[in-house]
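An overview of the molecular structure
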Amino acid sequence: MSKKPSIPKGTRDFSPTEVVKRNYIMDTIRGCFTNYGFQPIETPSFENSETLMGKYGDEGDRLIFKILNSGDFLRKVDDSLYAEKDSLKMTPRISEKALRYDLTVPFARYVVQHQNEITFPFKRYQIQPVWRADRPQKGRFREFYQCDADVVGSTSLWQEVEFVQLYDAVFSKLDLKGVTIKMNNRKVLSGIAEVIGAEDKLIDFTVALDKLDKIGEAGVTKEMREKGISEEAINRLQPLFSVSGSASEKLAKLRELLASSSIGMQGVDELGFIIEQIQTLQLKTATLEIDVTLARGLNYYTGAIFEVAAPSEVKMGSIGGGGRYDDLTGIFGLKDMSGVGISFGLDRIYLVLEELDLFPKTVSATTQVLFINFGTKEALYALQAIATLRAEGISAELYPDEAKMGKQMGYADKRNIPFVVLAGESEMNEQQFTLKNMKLGDQVRVNTSELIAKLK
RNA sequence: GUGGUUGUAGCUCAGUUGGUUAGAGCGCCUGAUUGUGGUUCAGGAGGUCGUCGGUUCGAGACCGAUCUUCCACCCCA
């Protein structure tokens, strides 16, 4: 046991059946992305540390996997720094590269670096793994895939409308019903902070607010108090907890609440626009909902914020998220380039589909027909037929060894191969094949064209 | 990063207050069956009990460390 090899915490191997299912999800998402006019790019799995560090907050920095420099890197550290044993100070000296933490920041870097070759607005999609030095939990890994679609170079709210449609399209294709697209707007949150006079505590305030459905109103106010938000501000927040009802009712309530804040009103108007258009365009399976407590998201969101909740019967964190970031490329020196995008969490969608048994049966299909190996002459005869079948698009294989029938049949059985061909001397003499249906157990004698017809 | 939890055969798990040679089901291999799998029957292989250290006459069981699993925080897809 001890000598058995293993893989690092939070990583996984994928068996054939799992890869087939993952590909099904990926192909579905990719199909929708291209259908909506997005173009694929890829970026390196690791970036220069300075590209990533400081972009996700202190918590994010902690979760970034750092790559040790090559060579005798400790020799270059001066003694006084080494003696301090301060990891935070030491890290930049011994690590200059890091594994990417998400796909959005590398994308921003890409846009800035390639700005002269890009035609704006630029719609790109990207499906690649990301890494986080997190503690694993259910649906939480240290290596996982994100599937991102972003548009940069347009401030049009029609993009947000299209992203809502895109979410709906993907989940409809996957036949995943009961998905809720939660939407909020950073400007609404800023407006609330402004109205209650806690602008300087925006982050603390939003993080606490985000936990409303988890720890309740009392828990949220308690956390806000602990973070130093004044009692007066918390009292003024009161009406917010009772924002409920339909989208238009929520919007009306927010307008009332935020009347004195121009930024807040702007956020409400943006939410209203998107809701209104979606009401006309209609969604197929997903539900769009305004959630004023939705505050997750990285520090760079400036407008819309999206988060996708799995159907309520599945206990799973969000399966997607996104939003508008007006100044993402600004940190890399390219100003006035607004972006908006969404992300799908492939690994979590997989767990949800698995739990709800929503993978189509056909995705598990393997080889269509196995040819039994009876010996050299027979194998050659079989391979000639196999070549013909393959040219017809039928996946076929020859059992490589001249093993006992039982073993060869057992192989077909275990791999769920639906058909087996037996071709020995008597079949060869008549240019025929014995085709056995493994499920029914019956078998027929056929020629080549009949064989193709039966297997197609 | 904090707190808890888990680890015994390929898989799922039993294993009494610490006591002889650690078990079961499923799976695997061989045969009954030299051109017929999935059913049945007979036989067989497979474990330094996660790892390292400690307590003890004696440890799968108790203690410590470490790794891993899952869970709650933090945060997030």
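Each value, and the rule that gives it
- Residues numbered from 1 in each chain as written.
- Chains lettered and ligands numbered in written order.
- Predicted model: local features only at pLDDT ≥ 70, side-chain atom pairs only at ≥ 80, totals over all residues.
- Heavy atoms only, no water.
- Helix = DSSP H or I, 4+ residues; strand = E, 2+ residues; numbered from the N terminus.
- Rg over C-alpha atoms; globule rule 2.2 N^0.38 Å.
- Buried < 20%, exposed > 50% of the residue type's maximum accessible area, 1.4 Å probe, protein only.
- Near = heavy atom within 4 Å.
- Polar contact = N/O pair within 3.5 Å; in protein donor to acceptor, adjacent residues only side chain to side chain.
- Nonpolar A, V, L, I, M, F, W, Y, C, P; charged D, E, K, R; others polar.
- Phe/Tyr/Trp six-rings, centres within 6.5 Å; stacked < 30°, edge-to-face > 60°.
- Lys NZ or Arg CZ within 6 Å of the ring centre and 35° of its normal.
- Pairing = 2+ DSSP bridges.
- Axes fitted to C-alpha atoms, helices over the stretch in contact; angles between N-to-C directions.
- Domains from an automatic or database assignment.
- Arc of directions from axis to C-beta.
- Contact = heavy atoms within 4.5 Å.

**Notes on the overall build of chain A**
When you go through chain A residue by residue, the secondary structure sums to 18 helices and 16 strands. For 456 residues, the compact-globule estimate of 2.2 N^0.38 gives 23 Å, and chain A exceeds it by more than 25% at 29 Å. Summarising its shape, the C-alpha atoms of chain A cover approximately 95 × 65 × 50 Å along the three principal directions. Relative to its 456 residues, chain A shows a buried fraction of 49%.

**Quick word on the protein's contact with RNA strand B**
With respect to spatial proximity, 45 residues lie near RNA strand B, and among them Lys138, Arg140, Arg296, Ser318 and Gln443 are the closest. Considering the 4 Å shell around the protein, atoms of RNA strand B inside it are sugar or phosphate in 49% of instances. At a separation of 2.8 Å, a phosphate oxygen of RNA strand B approaches a polar side-chain atom of Gln137. Where the surface near RNA strand B is concerned, the elements lending two or more residues are helix 3 (57-63), strand 6 (143-152), helix 16 (405-414), helix 17 (425-429) and strand 15 (433-437). At six residues, helix 16 tops the list of elements feeding residues into the surface near RNA strand B. For the surface near RNA strand B, the per-class residue count stands at nine nonpolar, 14 polar and 22 charged.

**Side note on the packing of aromatic side chains**
The final tally for this structure, using the stated rule, is 17 aromatic pairs. Where Tyr56 meets Tyr101, the ring centres are 4.2 Å apart and the plane angle is 45°; that geometry is what we call tilted. Taken together, the positions of Tyr56 in the loop between helix 2 (49-52) and helix 3 and Tyr101 in the loop between strand 4 (97-99) and helix 6 (104-113) put the pair 45 residues apart, joining distant regions of the chain. The pair formed by Tyr56 and Tyr101 is uniform in burial state, with each residue classed as buried. Through successive ring pairs, a cluster of aromatic residues spans Phe33, Phe38, Tyr125, Phe163, Tyr167, Phe171 and Phe344. Sitting over the ring of Phe141, Arg12 keeps its end group 3.6 Å from the ring centre. Seen from the ring of Phe107, Arg124 lies directly overhead, with NZ or CZ sitting 4.0 Å from the centre.

**So, the sheet that holds strand 12 (residues 369-371)**
Pairing in this open sheet of five strands is mixed, and the strands run 13-12-14-15-16 from one edge to the other. Across the chains shown, the open sheet's two edge strands, defined by having one partner strand only, are strand 13 (396-398) and strand 16 (443-446). Strand-to-strand, the axes of this sheet are offset by a mean angle of 25°, without reference to chain direction. Pairing geometry for strand 14 (residues 419-422) and strand 15, over four bridges, is antiparallel.

**Focus on the environment of Lys404**
Considering the arrangement of structural elements, one finds Lys404 in the loop between strand 13 and helix 16. Classification of Lys404 as exposed rests on a relative accessible area of 71%. It is 8.9 Å that separates the C-alpha atoms of Lys404 and Asn373, two residues lying 31 residues apart in sequence.

**Some words on the domain arrangement of chain A**
Along its sequence, chain A is organised into domain 1 (16-355) and domain 2 (369-455). The gap between the C-alpha centroids of domain 1 and domain 2 is 53 Å.

**Some details on helix 16**
When we look at burial in helix 16, the residues that qualify are Gln408, Met409 and Ala412. Angularly, the buried residues of helix 16 cover 95° about the axis, an arc narrow enough to put them on a single face. Exposed and facing more than 90 degrees away from the buried side of helix 16 are Gly406, Lys407, Asp413 and Lys414. Residues of helix 16 that are buried in the fold lie against strand 12, strand 14 and strand 15. Looking at the residues trailing helix 16, positive phi occurs at Asn416, about 60°.

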